[in-house]
Amino acid sequence: MDKIRVAIIGQGRSGRDIHGAYFKSEQNEHFQVVAVVDAIDYRRDRAKEEYGCDVYENYQQLFDRKDIDLVVNSTFSHQHIPVTIDLLKHGFNVICEKPFAKSYEDGCFAIKAAKESGKMLNVFQQSRFAPYFTRIREILASGVLGEVIQVSISFSGFARRWDWQTSKAYAGGNVRNTGPHPLDQAMALMGFPEQVNVFSKLACVNTFGDAEDYAKIVLTAPGAPLLDVEISSCNAYAPYTYVIHCKNGSLRATMSKIEYKYFDPATAPEQHQILAPLEKEGGYPAYCGEKLEWIQKEEDVTGSAFNTAVHAYYTMIYDHLTQGKPMEITPQQVLTQLKVIDQIHAQNPLTVK
């Protein structure tokens, strides 16, 4: 197979500005856009000019084509599952944009359809390959920070919003829109457990719709660190994306810089528990304290979730379709995220407008 022939459904912010931008970039060597679907006529005209491809008004017009190797489903969020299942049943390999589904049950239906059709199904969780997250995982795996106790992830800022992503009917809201990025990373750090204890709070603060624009999510599972995930649109002070508490030190990171500090237990002062009151010379009360030799490191991060990570994601897809290599990101992994999202919304029923 020379190049993977691709059809993109949707030319919005994801279909055009992420997937389409990658396919038109110098990084792309393996994919060729041969068809674009969009209900808006001027988007079709622009796509025909930008990609030099065929254009269609609805995705069902793809069904008669036999030269399409892969379809990217960048429809509205609430359309992801019905369109994905229809494509699979008609014999297409499919990449579905996030959120994968509105519920765990719907995600299972899509995986079942992929199995029955014998076609590939994957979910565009490219933030798993984001350079900052890849490097954080490497640092944690090195063991220098020791046991991981708590991971705080914040995808927050300050914004008022009024587009379709603010509508519950369209599967909008911070949890399903932005949430799949930090939640996928959180589940990866926890080892994709089947059962997760969830505490959450949602709120509609400055949104002009009925879907949440604030979410606080705390996740625990046996043998895993505590994950504290915040997806807030009402934090005007840009937070660190990551703050990680560990036995031998800590790490904090934005998407462009990582800092971490730790001590070496082998060279630390030897201590043992003392139950008698601690005293200084002369019998004065003393506070328990010691001097640790901190090792401090800083690293700049190059690349982002919208270039480096997209390239890594599509390299995974190409290797799978052409060589049968296992995919690092799988729909079964994303199901664990959907279970969590189901619990979050069950704990926080919001009024539908």
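(A) Representation of the sheet that holds strand 10 (residues 226-232) within the structure. Spatially, 8-9-10-7-11-12-13-14 is the arrangement adopted by the eight strands of the open sheet, whose pairing is mixed. With one partner strand each, in any of the chains shown, strand 8 (197-203) and strand 14 (295-300) form the two edges of the open sheet. Between one strand axis and the next, the sheet turns by 10° as a mean value, whatever way the strands run. As paired elements, strand 11 (residues 242-246) and strand 12 (residues 249-253) share four bridges and run antiparallel to each other. Paired with V243 across the two strands is R252, which belongs to strand 12.

(B) Seen up close, the packing of helix 1 (residues 15-23) against helix 8 (residues 308-323). Direction vectors running N to C along helix 1 and helix 8 enclose 65°, while the axes themselves pass 11 Å from each other. Taken together, helix 1 and helix 8 sit at an angle that is classed as roughly perpendicular. Seen along the crossing, helix 1 lies across helix 8 with a hand that is right-handed. In contact with I18, H19, Y22 and F23 of helix 1, helix 8 contributes V310, H311 and Y314. Of the residues belonging to the contact of helix 1 with helix 8, the class tally is five nonpolar, two polar and no charged.

(C) Molecular detail of the packing of helix 7 (residues 180-190) against helix 9 (residues 331-347). Interhelical geometry of helix 7 versus helix 9 gives an angle of 115° and a closest axis separation of 10 Å. Here helix 7 runs over helix 9; the crossing is right-handed. Residues P180, L183, D184 and M187 of helix 7 form the contact with helix 9, whose participating residues are T336, Q337, V340 and I341. Partitioning the contact of helix 7 with helix 9 into residue classes produces five nonpolar, two polar and one charged.

(D) Examining the environment of A266 more closely. Mapped onto the secondary structure, A266 falls in the loop between strand 13 (257-262) and strand 14. Look at A266 and you get exposed, because its relative accessible area is 70%. Placed 93 residues apart in sequence, A266 and G173 show a C-alpha to C-alpha distance of 48 Å.

(E) Representation of the pairing of strand 12 within the structure. Burial along strand 12 is one-sided: G249, L251 and A253 are buried, while S250 and R252, pointing the other way, are not. Here strand 11 folds back onto strand 12 in antiparallel fashion, the turn holding two residues. Here strand 12 runs beside strand 13; their pairing, made up of five bridges, is antiparallel. What sits directly across from S250, in strand 13, is K261.

(F) Representation of helix 8 in the model. The end-to-end C-alpha separation of helix 8 is 22 Å, in line with the 22 Å expected for 16 residues at 1.5 Å each. Trailing helix 8 by a residue or two, G324 shows a phi angle of about 75°, which is positive.

Conventions used here
Residues numbered from 1 in each chain as written. Predicted model: local features only at pLDDT ≥ 70, side-chain atom pairs only at ≥ 80, totals over all residues. Heavy atoms only, no water. Pairing = 2+ DSSP bridges. Helix = DSSP H or I, 4+ residues; strand = E, 2+ residues; numbered from the N terminus. Axes fitted to C-alpha atoms, helices over the stretch in contact; angles between N-to-C directions. Parallel < 35°, antiparallel > 145°, perpendicular 65-115°, else oblique. Left-handed = near helix turned anticlockwise from the far one by under 90°. Contact = heavy atoms within 4.5 Å. Nonpolar A, V, L, I, M, F, W, Y, C, P; charged D, E, K, R; others polar. Buried < 20%, exposed > 50% of the residue type's maximum accessible area, 1.4 Å probe, protein only. Expected span 1.5 Å × (residues − 1).

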